[in-house]
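Chain by chain, the residues run as shown.
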Amino acid sequence: MNRIEGPDKVTGRARYAAEYPAGPADSIAYAYPVQSVIARGRIESIDAAAALAMPGVLAVLSSDDPPALSPDAEPELALFQTRQVAYCGQAVAAVVAESLETARAAAREVRITYRPEPHDVQLRTDHPGLYTPEKVNPAFPSVTEHGDLPGGLAGAAVSIDVTYATPTEHNNPMEPHAAMAVWTGHGNGDGDGDGDGDGDGLTIYDSTQGASFDRDAIAATLGLSSDRVRVISRHVGGGFGSKGTTRPHAILAAVAARAVGRPVKVALTRQQMFPMTGYRTPTIQRLRLGADSGGRLTAIAHDVAEQTSTLVEFAEQTATPTRVMYGAPAMRTSHRVVRLDVPTPAWMRAPGECPGMFALESAMDELAIAAGMDPVELRVINEPRTEPVSGLPFSSRNLVACLREGARRFGWDRRDPSPGIRSDGRWLTGTGVAASTYPARRMPSQAEATKQDGGFVVRIAAADIGTGARTALTAIAAEALDAPADRVRVEVGDSSLPRAMVAGGSMGTASWGSAVVKACEDLLKNGSEGAADTTEDVRGDQGFARHAFGAQFAEVRVDIETGEVRVPRLLGVFAAGRIIDPTLARSQLIGGMTMGLGMALMEETVIDTATGDFLNHDLAQYHVAACADVQDIDAVWLDEEDQHLNPMGAKGIGEIGIVGTAAAIGNAVYHATGRRIRDLPITPAKLLS
Ligand code: MOS
């Protein structure tokens, strides 16, 4: 299907969060945050007089008069509740004004004096603050161990012991985070019981990956019950995880609107997004692999160091894919985190799997070379019969088929493994392979289906963040109803719709689709209305290890004089259950691979250790892969039937495309040059040094 909202988007009719009107245009006020310029310390004083004296300024919000928030508010959202500064760029005040321009100008006139304290913003493996968290996201054990690891390593015929590093990376969705808050009724809704309209509610137009969870988080932060908050989020210009948790801009819009008694918009700038909307934690990963003379793994150790903030423990599950990928009699996976004076890391496309598989799949390439084996064959012979750590049977696993099909399509059998011997003028050329994996889970969701106007309406608080979710759900509903798709209308992006899972963890289609199918079946049974809640169905999802798998092949060219790396060819072959819509799926997979290309060669947020500020906080300096970087890129998939997933038989596809790409490219760079770059991104400077 073509995207249902495509015409609305290309004609500008589709409204994004910052674009909603709120009655007469002059009723809207604008809030602009003031950000901390120190990474740690205390605010001594805030002088708002100059800002307040500017024409058009309505209010200055700060810890001088903290907005009423729940005492249990999550620290990243507890705006202006403390004088303590936790990181550079933290919102410490805000100006509300008649126009965005006035708010921005006045924000520069707010005088804040700080008492700075020494800060520490650098992850390192000898940091004394590293500790083992109770669990890693969302609830995995931090450490797993089985078998005799020292014996497995010492007795190995071939082994490697290498350390990889991945940098801080930032999501850069095209639509910056934005929200407009509108308090309904005449009161201020502060819930203080003083009778000034405490029964009134808040409508917030937010750029979010899930209206239901966002509504709950905003309500909880404000100390309101969820039924007094409504989140509307019909169209979202990308998220990649950065909109998968409620961000401070939404809370700022709400408290600013309450303060001035008018609707308030907050639209973050690209620069403001860097400290305020989360990022991928940097990682340092030690990989030790041992194998017998035939290449069979005898030991795997994957030990990760990563960071979190002083405010919230966010412990990324970096080593978890190693618990899934290859069998070995001895295995250890571990995570340690350190609390630094930095913003809290958050979700970025394939959190955990993406950096973790860069390390594991690079290490497998290094082991193959050490063992004198083909890297495809090394992976094939280490294919486990059951999921290595859990021992569970796989619901389906077609990694080997993906590797074989990819090798066939890519022309892998013509490859000479010797590194650094192929050249084309001043370009060295090479090829590399890596595996991909991502969990295939689902979460409880609700949906309703009704007969209406000779067709059907399906309602679910799903989120279409540019993936085509609305379109995929229409196809799923049409099939369940045995009706043509143009007779089915799917409503998403509003917390007043039946509660649904966030667009995250590659769980959208599986979670929402399960509820939609069930609601449609209920309608067919009952006549004109159907409703569904999949809580019980999801509770029954046990007894199998459910993951999508894939294989990625890369060809690179490296300029021997400048160190420039080009990627003329990228091929991904995936096995992800039943593909609901080939056009949308290809877009997701290619999008993920493109982001993986950026991770391999460009993406890196540099932190200034002197100030604790992110230095390259804009698209001029934080480079993502653009059209000119992408040449021949293709994603295909194998038909995969899996009876143990959901009514559609579908696995998620939003994230697996980015998993493994960076390793495939790094492995190809080694093949081209004989240089192994173990810290991303693979820049010309590193290749030339
Ligand atoms: Mo995605 S990082 O699961 O929102």
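None of these values were measured; they are calculated from a predicted model.

Participant: Honestly, helix H12 (residues 469–481) in this entry has me stumped. Any pointers?
Facilitator: An α-helix turns once per 3.6 residues; consequently, residues spaced three or four apart project the same way. Taking 1.5 Å of rise per residue, 13 residues should cover 18 Å, and H12 covers 18 Å from first to last C-alpha, within 8% of that figure. Residues Ala469, Arg470, Thr471, Ala472, Leu473, Thr474, Ile476, Ala477, Ala478, Ala480 and Leu481 constitute the buried set of H12. Asp482 sits one or two positions beyond H12 and adopts a positive phi of about 55°.

Participant: What is the right way to look at the domain arrangement of the chain in this model?
Facilitator: How large an interface is tends to be reported as the accessible area lost when its parts come together. The domains assigned to the chain are domain 1 (6–118 + 172–276), domain 2 (120–169 + 280–385), domain 3 (392–441 + 541–689) and domain 4 (446–539). On a C-alpha basis, the centroid separation for the pair domain 2 and domain 4 is 38 Å.

Participant: I'm lost on the sheet that holds strand E14 (residues 264–267) in this one. Help?
Facilitator: The strands that make up a sheet pair up through hydrogen bonds in the backbone, lying either parallel or antiparallel. One open sheet accounts for 7 strands, arranged E3-E5-E1-E14-E11-E12-E13; its pairing is mixed. With one partner strand each, in any of the chains shown, strand E3 (57–62) and strand E13 (229–232) form the two edges of the open sheet. Strand-to-strand twist across the sheet, computed as the mean angle between neighbouring axes with direction ignored, equals 20°. Here 5 bridges tie E3 to strand E5 (residues 91–97), and the two strands are oriented antiparallel to one another. From the neighbouring strand, Ala59 faces E5, where its bridge partner is Val96. Across the face of the sheet, helix H3 (residues 100–107) comes into contact with strand E1 (29–35), E3 and E5 while running at roughly 25° to E1. Running over the sheet, helix H6 (residues 248–260) touches E1, E3, E5, strand E11 (178–183), strand E12 (202–206) and E14 and is turned about 35° from E11.

Participant: Explain the pattern of salt bridges here, please?
Facilitator: Oppositely charged side chains can form a pair if their charged atoms are brought close together. One pass over the full model with this rule turns up 44 salt bridges. Glu366 is the partner of Arg678 in a salt bridge, and the nearest nitrogen-oxygen pair spans 2.7 Å. One end of the pair, Arg678, is in the loop between helix H16 (661–673) and helix H17 (684–688); the other, Glu366, is in helix H9 (residues 353–371), and 312 residues separate them in sequence. According to the relative accessible area criterion, Arg678 is partly exposed, its value standing at 29%. Taken together, the shared-partner salt bridges connect Glu5, Lys9, Asp464 and Arg470 into one network.

Participant: Got a minute to help me understand H16 in this structure?
Facilitator: For H16, with 13 residues, the first-to-last C-alpha span of 18 Å sits near the 18 Å given by 1.5 Å per residue. A large share of H16 lies buried, amounting to 13 of its 13 residues. Trailing H16 by a residue or two, Gly674 shows a phi angle of about 80°, which is positive.

What counts as what
Residues numbered from 1 in each chain as written. Predicted model: local features only at pLDDT ≥ 70, side-chain atom pairs only at ≥ 80, totals over all residues. Heavy atoms only, no water. Helix = DSSP H or I, 4+ residues; strand = E, 2+ residues; numbered from the N terminus. Expected span 1.5 Å × (residues − 1). Buried < 20%, exposed > 50% of the residue type's maximum accessible area, 1.4 Å probe, protein only. Domains from an automatic or database assignment. Pairing = 2+ DSSP bridges. Axes fitted to C-alpha atoms, helices over the stretch in contact; angles between N-to-C directions. Contact = heavy atoms within 4.5 Å. Salt bridge = Lys/Arg side-chain N within 4 Å of Asp/Glu carboxyl O.

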